[in-house]
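Examining the three-dimensional arrangement
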Amino acid sequence: MNWSGGCCAPGSSFPRIRDTAVTAPERFFCASSARVRGDSMAGTAPNDVVWVLIEYRGRWPFNSFDGLALEPDTKALVIAAAQAARARVLLVRRHGRRRREGPQRWAVLRHDGSGAHRQLWGSWTQEEDLAEIAAALSRPGELGHPPVLLVCAHGLHDTCCAVRGRPVGRALEERWPELVWECSHVGGDRFAANVVIAPDGVYYGGLDAASSVATVEGHLADSIHAEHLRGYTDLLQPQQAAVAAALERFGPAGRLDYAVAGTTRHGDRWRIRLTAPPPHPAQIDVELRTYRAPPEQLTCRAPAPGSVIVYETVSITAE
């Protein structure tokens, strides 16, 4: 698999942010605070293998597709079909909310774990046209499409997603204009800017304009690095953390190079066995310790502190 081929605009209302400790009465930015704390990204990707993308050029509500005032029967049909397929529904738009004439697009992207990623694309002009998505979710999809680069820039959901996400969207669009879409909330606001490459099923976080281009270049060349990697969405979170540990220890690898051969848990310890083809070690055992981090404000809008599970590498051995 090889598909290789700035900041906010003047006058923007987005505030400047600094990666420094926040003290009252300064405005709180969750991504800045996470960087100061050194929050670990490894093992923080959700378990998604199907994505529904719906282009929507209007204002995105806080709760994305669920909050749109669409024709009720069509909306209910799409939601029910997505839930049955365990699909994540995202609103998308081209960078900068630039207005385009003509129909808006939709897509169903599917990761099957074999590298044979499948996509189905359509368009809609009337809300009733979105009913086609339900049928598309029951079909396998087409091969041969390049992956989609999704940049979370959902400012109404979280300020950091817009402030950090939109410069990343601009930088990536300048390089890959046909592959990049801004998208609604993908989770992990404190790791903004977040980029999801679908249907490859890879989450990256903590990006800026420069690091996003370098990270995506590596990904499209099938050379994934540990830095900025949140995880592979077809794996459980401890398995994601184990793969990230292997990439950090032994260097970059292809998306499908590491396979999970075994997973065991004893209390707060996980042991993950990975296998890989040459030139990587044939077998790698990663031991992880899990613990709950102290409560922190995890998003810009969080009403109360929350606590997350952290996966800490205890040991890694190779044969």
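Since this is a predicted model, take the numbers as computed values, not measurements.

Here the focus is the overall build of the protein chain. Check the secondary structure of the protein chain and you find 6 helices and 13 strands. Taking the principal axes of its C-alpha atoms as reference, the protein chain extends roughly 55 × 50 × 40 Å. Put simply, the protein chain has 319 residues, and 49% of those count as buried. Surface exposure of the protein chain reaches about 14500 Å², of which carbon and sulfur atoms provide 51%. Across the protein chain, the mean location of the 35 positive side-chain charges is 4 Å away from that of the 35 negative side-chain charges.

This part is about helix α1 (residues 30-37). Residues of α1 that are buried: C30, A31, S32, S33 and A34. In this structure, the buried side of α1 is in contact with α4 (159-175). The positive-phi residue at the C-terminal boundary of α1 is G38, with phi of around 75 degrees.

Now for the side chain of H157. Positionally, H157 belongs in the loop between β5 (148-152) and α4. A polar contact of 3.4 Å, which involves the side chain of H157, links it to the side chain of H185. The residues contacting H157, other than those within four sequence positions of it, are F62, H185, D189 and R301.

Turning next to the pattern of salt bridges. Scanning all chains against the criterion turns up 13 salt bridges. The salt bridge partner of R271 is E287, with a shortest N-O separation of 3.9 Å. Placement of R271 in strand β11 (residues 269-275) and of E287 in strand β12 (residues 283-292) is noted, with a sequence separation of 16 residues between them. Judged by its relative accessible area of 38%, R271 is partly exposed. Ionic pairing is found between E312 and R289, a salt bridge with its closest N-O pair at 2.9 Å. Linking E312 in strand β13 (residues 309-318) with R289 in strand β12, this pair joins segments that are 23 residues apart in sequence. Under the relative-accessibility criterion, E312 is labelled partly exposed at 33%.

This brings us to the state of the cysteines. Enumeration according to the criterion identifies 0 disulfides in this entry. Considering cysteine sulfurs only, C152 is the nearest to C183, which forms no disulfide, with 5.1 Å between them.

On to the confidence of the model for the protein chain, then. Mean pLDDT over the protein chain stands at 90; residues scoring 70 or higher make up 91%. Across residues 20-25, confidence stays below pLDDT 50; counting only partners more than four residues off in sequence or on other chains, it has 6 contacts.

Here the focus is the packing of aromatic side chains. One pair of aromatic rings is described through two measures. These are the centre distance and the angle between the planes. Under the defined criterion, the tally for this structure stands at 1 aromatic pair. Taking NZ or CZ as reference, R93 lies 3.7 Å from the ring centre of W60, over its face. Looking at R94, its charged tip hangs above the ring of W181, at a distance of 3.8 Å from the centre.

Let us now look at the nonpolar core. L172, W176, Y258 and L274 are the most contacted members of the largest nonpolar core, which has 40 residues in total. Considering each element in turn, this core owes the most residues, 7 residues, to helix α6 (residues 237-250). Beyond its immediate stretch of four places on either side in the chain, Y258 contacts V243, A246, L247, F250, A253, L274, T275, A276, H280 and I284. Within the second largest apolar cluster, 21 residues are counted, among which are V50, I54, F65 and A87.

Taking strand neighbours across the sheet as the criterion, the 4 strands line up as β10-β11-β12-β13 in an open arrangement whose pairing is antiparallel. What marks the edges here is a single partner per strand, and that holds for β10 (259-266) and β13. Between one strand axis and the next, the sheet turns by 20 degrees as a mean value, whatever way the strands run. Pairing of β12 with β13 involves 9 bridges; the strand directions are antiparallel. Each bridged residue has a counterpart across the sheet, and for R292 the counterpart in β13 is I309. Where α6 meets the sheet, its contacts fall on β10, β11, β12 and β13, and the angle it forms with β13 comes to roughly 50 degrees.

Our next topic: helix α2 (residues 72-84). Given a rise of 1.5 Å per residue, 13 residues ought to cover 18 Å, and the 18 Å separating the end C-alpha atoms of α2 matches this to within 8%. Listing the buried residues of α2 in full gives T74, K75, V78, A81 and A82. Angularly, the buried residues of α2 cover 135 degrees about the axis, an arc narrow enough to put them on a single face. Turned more than 90 degrees off the buried face of α2, the exposed positions are P72, D73, Q83 and A84.

Examined against the element boundaries, F191 turns out to sit in the loop between β6 (180-183) and β7 (195-198). Expressed as a C-alpha distance, the spacing of F191 and D39, which sit 152 residues apart in the sequence, is 8.6 Å. In this view, F191 contacts D39, S40, M41, T44, G205, G206 and R230; residues no more than four positions away in its chain are not counted.

This brings us to the packing of α4 against helix α5 (residues 209-220). When two helices pack together, you describe them by how their axes are tilted relative to each other and by the distance separating the axes. The contact between α4 and α5 brings their axes to 8 Å, and the two run at 45 degrees. What the angle tells us is that α4 and α5 run oblique. Crossing hand, α4 versus α5: right-handed. Seen from α4, the contacting residues are P167, V168, A171, L172 and R175; seen from α5, they are A209, S212, V213, V216 and E217. Of the residues belonging to the contact of α4 with α5, the class tally is 7 nonpolar, 1 polar and 2 charged.

So, how was this worked out
Residues numbered from 1 in each chain as written. Predicted model: local features only at pLDDT ≥ 70, side-chain atom pairs only at ≥ 80, totals over all residues. Heavy atoms only, no water. Helix = DSSP H or I, 4+ residues; strand = E, 2+ residues; numbered from the N terminus. Buried < 20%, exposed > 50% of the residue type's maximum accessible area, 1.4 Å probe, protein only. Areas by Shrake-Rupley, 256 points an atom, 1.4 Å probe, with all protein chains shown as cover. Lys, Arg positive; Asp, Glu negative; His and termini not counted. Charge placed at Lys NZ, Arg CZ, Asp CG, Glu CD. Contact = heavy atoms within 4.5 Å. Polar contact = N/O pair within 3.5 Å; in protein donor to acceptor, adjacent residues only side chain to side chain. Salt bridge = Lys/Arg side-chain N within 4 Å of Asp/Glu carboxyl O. Disulfide = S-S within 2.5 Å. pLDDT = per-residue confidence, 0-100. Phe/Tyr/Trp six-rings, centres within 6.5 Å; stacked < 30°, edge-to-face > 60°. Lys NZ or Arg CZ within 6 Å of the ring centre and 35° of its normal. Core = buried A, V, L, I, M, F, W, Y, C linked by side-chain atoms within 4.5 Å. Pairing = 2+ DSSP bridges. Axes fitted to C-alpha atoms, helices over the stretch in contact; angles between N-to-C directions. Expected span 1.5 Å × (residues − 1). Arc of directions from axis to C-beta. Parallel < 35°, antiparallel > 145°, perpendicular 65-115°, else oblique. Left-handed = near helix turned anticlockwise from the far one by under 90°. Nonpolar A, V, L, I, M, F, W, Y, C, P; charged D, E, K, R; others polar.

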